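# Breakdown of the fold
What follows is each chain in one-letter form.
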Amino acid sequence: MATSRIPGRSEESPVIQRQSGPLARTTGKLLATQGYVVGVEISGSGTRQTVALANLEGKVLHTVRRPLNNAPDTRSVLQLIDAMIAEAAAPEHLQGGRILRVGVAVGGLVDARQGIVRRLHHAHEWNDFSLQDYMAERLEAPCIIDNNANAAALAEVEYGAISELENGNRRGELVALYIGLGRGIGGGLVVNGRIYHGISSTAGEIGHMLVKENGPKCSCGGSGHLEAIASAQTIVQSVLGLSSQYPETAEAIRQITGGRAERITAGQIFRLAADGDRAARQVVDEVQTYLGIALANIIHLINPGIIILGGPVAQAGDLLIAPLQARVTELCLREASEAVRIVQGKLGAEANIVGAITLALQDL
Ligand SMILES: [Zn+2]
C-alpha cells in the first residue's frame, strides 16, 4: 500500500517549520486555503494538553498549550480542550475555510478502530470513553484518535527521522518502530506507511513487555515490565533513591539542578553516567540491559529497518543509542541486526502534537 503523501509537501523540514503559500498546493481535490485540520494532544499524566490548527500541508498556524497539575479526569480535560479549541480554531483564524478533520493523540490505551479511549493509566474516569464521537460532534468534522506513540510513529515517518534518510522517498516500504521513552514507554509500528494496530489496538504496547521476571512494579499492576525499568520517571527516581547512599551523586545532582534534585532529567543522568558517576552508571546499565533485551526480541519478531527513539530519555542521544546498537548487534541474528538502524527522533517534544495533525491529514 502506498503512503498517503500530500502533493506539495516538501521532504526536508519537519511540519512545524513547513512554509507554504496559497499556491503551494495546486493539485488534489482541495486547495490548502480551503480547509484546516485540528490536532489535539492529551497526555496521560495531565502535564501536556495541546491543540493546534494546521493547514492541509501540515503547517501549524496556531498552537495552544496548557498543562494540568493533576492527573486528569475526563470532564476537566474535555472542558480544558474545548476552551483551547475555541482559541486555536477561532473563526478569525479560519479565513472562510472550515475544519475538515480532527486528529487526537492520547497518552493511554486507545481502541483506534472504534474511536474509544480504553484507559489512561495515570488518570481517572476515562474507561471506554467515546472520544472520537465527542470530538467529531464538538468540531462538526470527522475525527481520528490513536495512542500517542502510534501518532508520533506516523509523524516521524512522514516528517521526522525517516524523511531525512537517504531512502526517504521509499518510506512507504519501510517497517519502522517508534519507541516513546517518557513517563511511560509506548511503541508505534508503521508498516508500509500505515500504523499497525493488531486485533484489539494493543500492538506496540512494548512498555508492558516482560523483560525481568519478578522485577519492579509497573504502572499497569504487573511487574518486571520494560516501563518499570527504563521510563524517564523510573530512571530519575532510581538515581534519586541511590543518591542517599552515594554522597558524590547527591552533590553532582545538587550542582546540576541548583538544589532542586527532583528536576534532574534522564538525559542529565546519562551524562552523569558517562562522566563516571557510579549511581547513575548503575541505573543506566540496567536501562541498557533491559531495553536491549526488549529490542532484540522485537527485532526478531518484526525485522524493522529503523527504530526511532523519542521522549525525554532519547534526549541522551548517542549515550543511549550507541550502546544499544552494539547490544542489538550482540544479541540478534546478523541478518536482522544489520538491517536495522537505531536513531533519535527528530520531532522531540512536538512528536505527539505533530502526530495528532498527521493522523488528521491521513488520506485527506
Ligand atoms: Zn506494565
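Relevant structure appears above.
Here the structure is a predicted model, which is why all the values come from computation and not from measurement.

Conventions we followed
- Residues numbered from 1 in each chain as written.
- Predicted model: local features only at pLDDT ≥ 70, side-chain atom pairs only at ≥ 80, totals over all residues.
- Heavy atoms only, no water.
- 1 Å grid on protein atoms, 1.4 Å probe; cavity = no way out; pocket = protein on both sides within 12 Å on 5 of 7 lines; lining within 4 Å.
- Points joined across faces, edges and corners; volume = space filled by probe spheres on them.
- Helix = DSSP H or I, 4+ residues; strand = E, 2+ residues; numbered from the N terminus.
- Nonpolar A, V, L, I, M, F, W, Y, C, P; charged D, E, K, R; others polar.
- Donors = N, O, S within 2.8 Å, 3.2 Å for Na, K, Ca; no water.
- Buried < 20%, exposed > 50% of the residue type's maximum accessible area, 1.4 Å probe, protein only.
- Pairing = 2+ DSSP bridges.
- Axes fitted to C-alpha atoms, helices over the stretch in contact; angles between N-to-C directions.

## Here's the deal with the layout of surface pockets
- Of the volumes computed, that of the largest pocket is approximately 830 Å³.
- Lining the largest pocket are 35 residues; nearest its centre among them are Asn148, Gly182, Arg183, Gly184 and Asn352.
- Taken together, the elements giving at least two residues each to the lining of the largest pocket come down to helix H4 (148-158), strand S8 (175-181), strand S9 (185-191), helix H6 (232-242) and helix H12 (351-361).
- Tallied by class, the residues present in the lining of the largest pocket amount to 10 nonpolar, 20 polar and five charged.

## Thoughts on the coordination of the zinc ion
- Donor atoms from the polypeptide that coordinate the zinc ion comprise His208 (ND1), Cys218 (SG), Cys220 (SG) and His225 (ND1), at 2.0 to 2.3 Å from the metal.
- Considered as a linear motif, the donors of the zinc ion on their single chain read H-x9-C-x1-C-x4-H. In this pair, His208 sits in the loop between strand S10 (194-195) and helix H5 (227-230) while His225 sits in the loop between S10 and H5, placing the two residues 17 residues apart along the sequence.
- Residue class for His225 comes out buried when judged on its relative accessible area of 12%.

## Let's talk about the sheet that holds S9
- The strand order across the open sheet built from five strands is S10-S9-S8-S11-S12, with neighbouring strands paired in mixed fashion. What marks the edges here is a single partner per strand, and that holds for S10 and strand S12 (341-344).
- Pairing of S8 with strand S11 (residues 306-310), which is carried by five bridges, proceeds in the parallel orientation. Counted as the bridge partner of Ile179 is Leu309 from S11.

## Focus on the sheet that holds strand S4 (residues 98-106)
- Strand order in the open sheet made by the five strands is S3-S2-S1-S4-S7, with mixed pairing throughout. Strands with a single pairing partner mark the edges of an open sheet, and in this sheet they are strand S3 (60-65) and strand S7 (143-147). Neighbour-to-neighbour, the strand axes of this sheet turn through a mean angle of 15 degrees, independent of strand direction.
- Strand direction decides the pairing type here: strand S2 (residues 49-55) and S3, joined by five bridges, are antiparallel.

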